[in-house]
Each structure stands twice: as C-alpha cells, then as structure tokens.
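Residue-level structural notes
Below are the chains, spelled out letter by letter.
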Amino acid sequence: MRAPDQRPHPEGVRPRPLGWVIFALALGGFGIGTTEFVSMGLLPTIAGALGVTEPTAGHLVSMYALGVVVGAPVIAALTARMSRRTLLIVLMAAFTLGNLTTVLAPSYPLLLAARFVAGLPHGAYFGVAAIVAAHLAGPRNRAKTVGMTMLGLSVANVAGVPLATWLGDTFGWRAAYVVVVAVGVLTLLALLRTLPPLTDMRVTNPLTELGALRRSQVWFTLFIGIVGNGGLFAFYTYLNSTLTSLTGVGSGAVPWALMLFGLGMVAGNIVGGAVADRNVTAGIAGGLGAMVAVLIAFAVCAQVAWAAFALTFLVGMAGASMIPALQTRLMDVADDAQTLAASMNHSALNVANAIGAWIGGVVVAAGLGYRAPSLFGAGLAAGGLLILVLAVVARRGAPATTVAVRT
C-alpha cells in the first residue's frame, strides 16, 4: 500500500504509512463498539445502582441507538463543508465527551441524555472513516481497507466488551465507560498524529449531501442492510437463552460463544472486504446467502453443543462479511453525497438491530421456541437478498445517465 499523502503536511503532522492511519481509524471503531454493546451486559448492575428496574435501564440502549439514527444524517449534512480530517477529530472528541458525561452523570435522566449524546457521532464517524480509508487506499483496495477500518467494531465484541463488562461488574458500572473514555483519548491522539491533511478530498454542502435521499439505489442499499442484518440481530439477541435453554450448556459457556461470534465478525470483515474489491454485488449476495444457510443450520443443530458453537462463529462471519460491500455500494450509488450515504449505513444497522430483536421477541413470546429467532432470521436474510435482486434489476433498467455502480 502507498503512503496516504506525499504533499507537505501541517506543523505537527508527518506522513504516516496507510496502515497506521487505518489503525487509528479502527481504534475509534473499537471504542464505539465497546460503548454500544457494553450497556447490554451491565443493565442489571446499572439498574441496581440507580434504583430503577432492568427494563427501565434498557432505555439506555435505546437512547444510544436513537442518537446513532438521528446523528448520522444530521451531522453528515451539517458538516459537509468541513475538512474530513477535522471532522473525524471533532466526531471523536464529541464521542469521548459523551462517554465522559456518562461516567459523571449523577441521575438516571441525565444518564439517558448522555447516552443519546454519545450515540450522535457514531454513524458519522464510521461513514467518514470509510470514505477516508477508501480514498487513501485507491480503487483496487478500497473495500478491503474499509473492512479493516470496521475491524475495530468486530474486535470490540471479542475483547473490549468482555473487559469493560468485567470492570463494570467488579468496580461499578461507571468503570466500564472510563475504559471507553480512555480509548477515545488515545484515538484522538492517534488521529492527530497519523491523519494526513486530506486537502485533495472534495467537500460538498448540505444540499448536495441531502441529495443522497433522492437516489433510489441509496434506499435500496439501506433496506438491504436493514432487512438482511435484521436476521443477524434476531439470532444474536436470543443467543444466550437459546444456548442455555435449547443447547443445554451452562451460563458460563455463553461468553465463549459470544467470543466466537466476535471472532467470526473479525474474519468476516477481512474476507468480505477482499471479495467486495472483486465484486461488490457478489460480496453482499454471498454474505446474505451464507447467513440464510448458517441460520437454518443453527436452528436444526442447536441441540448439539459443538455444532451450535461452530455455527455461532459462522453467523458472525456471514453477517460481518457484507458490511464492507454495503458500505462500498453506498459510496458508489451516492455519487457526490457520499458522506451522508456512508453515515446512514450505521443508522440502518441500528434499525436492523431493533427490528431483529423485536421479531425475535415476538416469535419467542408466541411460544414458537428458541429455534424460531434463527429461522425467522434466515427469512429476513432471504428478504435482504430479494431486495438486492430488485436493486440490481432497477439499476440495469435505469436511464444511461444514471451513475454507474461498480458490480
């Protein structure tokens, strides 16, 4: 890979190899992934400390997700004229401040507000990081580099979330978010040290960015992610209960399954990025098709412990493998509104999380058992595949003046 920028750098910023830039961007993703998922594991601890019920404490997860959904398009549009380097640094500073406020919040209402604020930069950070990574890597390696940038989110599930959860349970829930603040500070220092000035990246304006919302292929891609990844979250939300109730393993084995899921995500990001650099559509289709297969296999084999654990790894791998391709496709179809489109990918993932968890809860509550979330999840993944087919057909039938998508 080439160095990201050979032109003169501002004072204090020296040229760095692309690998160090990607590491800095991924480190921010590691912090974001940790804060997003650690709240789920600490709900009983937070509820007890603040004197609220566990379902009430669960609203903290919802407020963070709401911040992601709201923040991604709003920030992307309002900061369209800002230097991409400056924007990434500002977003990480806002993320760190939001988590510091979480640590210091003296009451439940203020904690709710802090979680909303912490979620606001989430989607925009990943969107801008993906665009910067693709720009620096060049057209031949852009999806693979985007996948490496997203790797921090996957590694967070393997290392960051378990560590932060243990600290929160041992030293009080605020300790978990102290770790996130520390990662945020380290990321800021890394970004300041490694990011080139990016003066050759074109900035836009709010109206141009909002133009992404008029492009049907942007909406097709977002709905592919929402429906397809909804299947992943239907499975993941009820994995703990499925393993203990249906597979019959003890609760002590569940963290190992979650670690396998995270390792699968790491592998999926790497493999999916390489595939998407060859063919973006194949990257998405392959991930969705694999998810359909492994979710059905999990439902069939869930009572066999070794098979359930192996398939948990494969579900994580299948789900993560299409993220670089989805991110790349959004940048392709958005034309000159890439920041907004790329940022909305993570809004879509949070909507998928909510839909998948809701559908999983509905089928379990209906008495269909713990195989049902995986089977209905496979149906959602198949639905995402159908939307992809419709998107490809619609693009091929579009007028010749429509911006071409690299497939």
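Quick note: structure is the one above.
This paragraph deals with the overall build of the protein chain. The helix and strand inventory of the protein chain stands at 18 helices and zero strands. For the protein chain, whose C-alpha radius of gyration is 20 Å, the value lies close to the compact-globule estimate of 22 Å for 407 residues. Principal-axis analysis of the C-alpha atoms places the extent of the protein chain at approximately 60 × 50 × 35 Å. By residue count, 56% of the 407 residues in the protein chain fall in the buried class. Considering only intrachain contacts with a sequence separation of at least 6, the fraction spanning at least 24 residues in the protein chain is 85%.

For the rest of this paragraph, the subject is the side chain of H346. Note on placement: H346 falls in helix 17 (residues 338-365). Within the local environment of H346, its side chain forms a polar contact with the side chain of Q327, the two groups lying 3.5 Å apart. Not counting chain neighbours up to four residues away, the residues in contact with H346 comprise V68, H122, G123, F126, M150 and Q327.

The description of two helices packed together rests on the angle between their axes and the distance between the axes. At their nearest, the axes of helix 4 (residues 59-78) and helix 6 (residues 108-137) sit 6 Å apart, and the two run at 40 degrees to each other. Relative to helix 6, the element helix 4 lies oblique. You can see that helix 4 and helix 6 cross each other, and the crossing is right-handed. In this structure, helix 4 contributes H59, L60, M63, Y64, L66, G67, V68, G71, A72 and I75 to the contact, and helix 6 contributes Y108, L111, L112, R115, F116, A118, G119, L120, P121, H122, G123 and A124. When the residues that make up the contact of helix 4 with helix 6 are grouped by side-chain class, the tally is 15 nonpolar, six polar and one charged.

Quick look at the nonpolar core now. If you look at the biggest cluster of nonpolar residues, it comprises 43 residues, and the most contacted ones within it are L25, L88, Y125, V132 and L191. Those elements that place two or more of their residues in this core are helix 1 (18-41), helix 4, helix 5 (84-104), helix 6, helix 8 (151-171), helix 9 (173-194) and helix 16 (323-334). Sort the elements by how many residues they give to this core and helix 6 lands first, with 13 residues.

Glancing now at the packing of aromatic side chains. The full count for this structure, using the stated rule, is eight aromatic pairs. Ring geometry for W20 against F23: centres 6.1 Å apart, planes inclined by 80 degrees, an arrangement best described as edge-to-face. Of this pair, W20 and F23 both sit in helix 1, three residues apart, roughly one helical turn. The class of F23 is partly exposed, set by a relative accessible area of 47%. Summarising the aromatic geometry, the rings of W173 and Y177 are spaced 5.9 Å apart at their centres and angled 75 degrees between planes, so their arrangement reads as edge-to-face. You can see W173 and its partner Y177 sitting in helix 9, four residues apart, about one turn around the helix. Residue classification places W173 among the buried residues on the basis of a relative accessible area of 5%.

When you line up the elements, F126 lands in helix 6. F126 gets classed as buried once you look at its relative accessible area, which sits at 0%.

Take a nonpolar patch on the surface next. There is a patch of nonpolar side chains on the surface, built from L66, V69, V70, V74 and L78 and spanning about 400 Å² of accessible area. Turning to its location among the elements, V70 is positioned in helix 4. V70 sits in the partly exposed class, given a relative accessible area of 34%.

Further remarks concern the environment of R395. Tracing the backbone through its elements, the reader meets R395 in helix 18 (residues 372-396). For R395, a relative accessible area of 18% gives the class buried. The spatial distance from the C-alpha of R395 to the C-alpha of T170 is 54 Å, given a sequence separation of 225 residues.

Parameters and conventions
Residues numbered from 1 in each chain as written. Predicted model: local features only at pLDDT ≥ 70, side-chain atom pairs only at ≥ 80, totals over all residues. Heavy atoms only, no water. Helix = DSSP H or I, 4+ residues; strand = E, 2+ residues; numbered from the N terminus. Rg over C-alpha atoms; globule rule 2.2 N^0.38 Å. Buried < 20%, exposed > 50% of the residue type's maximum accessible area, 1.4 Å probe, protein only. Contact = heavy atoms within 4.5 Å. Polar contact = N/O pair within 3.5 Å; in protein donor to acceptor, adjacent residues only side chain to side chain. Axes fitted to C-alpha atoms, helices over the stretch in contact; angles between N-to-C directions. Parallel < 35°, antiparallel > 145°, perpendicular 65-115°, else oblique. Left-handed = near helix turned anticlockwise from the far one by under 90°. Nonpolar A, V, L, I, M, F, W, Y, C, P; charged D, E, K, R; others polar. Core = buried A, V, L, I, M, F, W, Y, C linked by side-chain atoms within 4.5 Å. Phe/Tyr/Trp six-rings, centres within 6.5 Å; stacked < 30°, edge-to-face > 60°. Patch = residues over 30% accessible without salt bridge, like charges linked within 9 Å, V, L, I, M, F, W, Y side chains within 5 Å. Areas by Shrake-Rupley, 256 points an atom, 1.4 Å probe, with all protein chains shown as cover. Salt bridge = Lys/Arg side-chain N within 4 Å of Asp/Glu carboxyl O.

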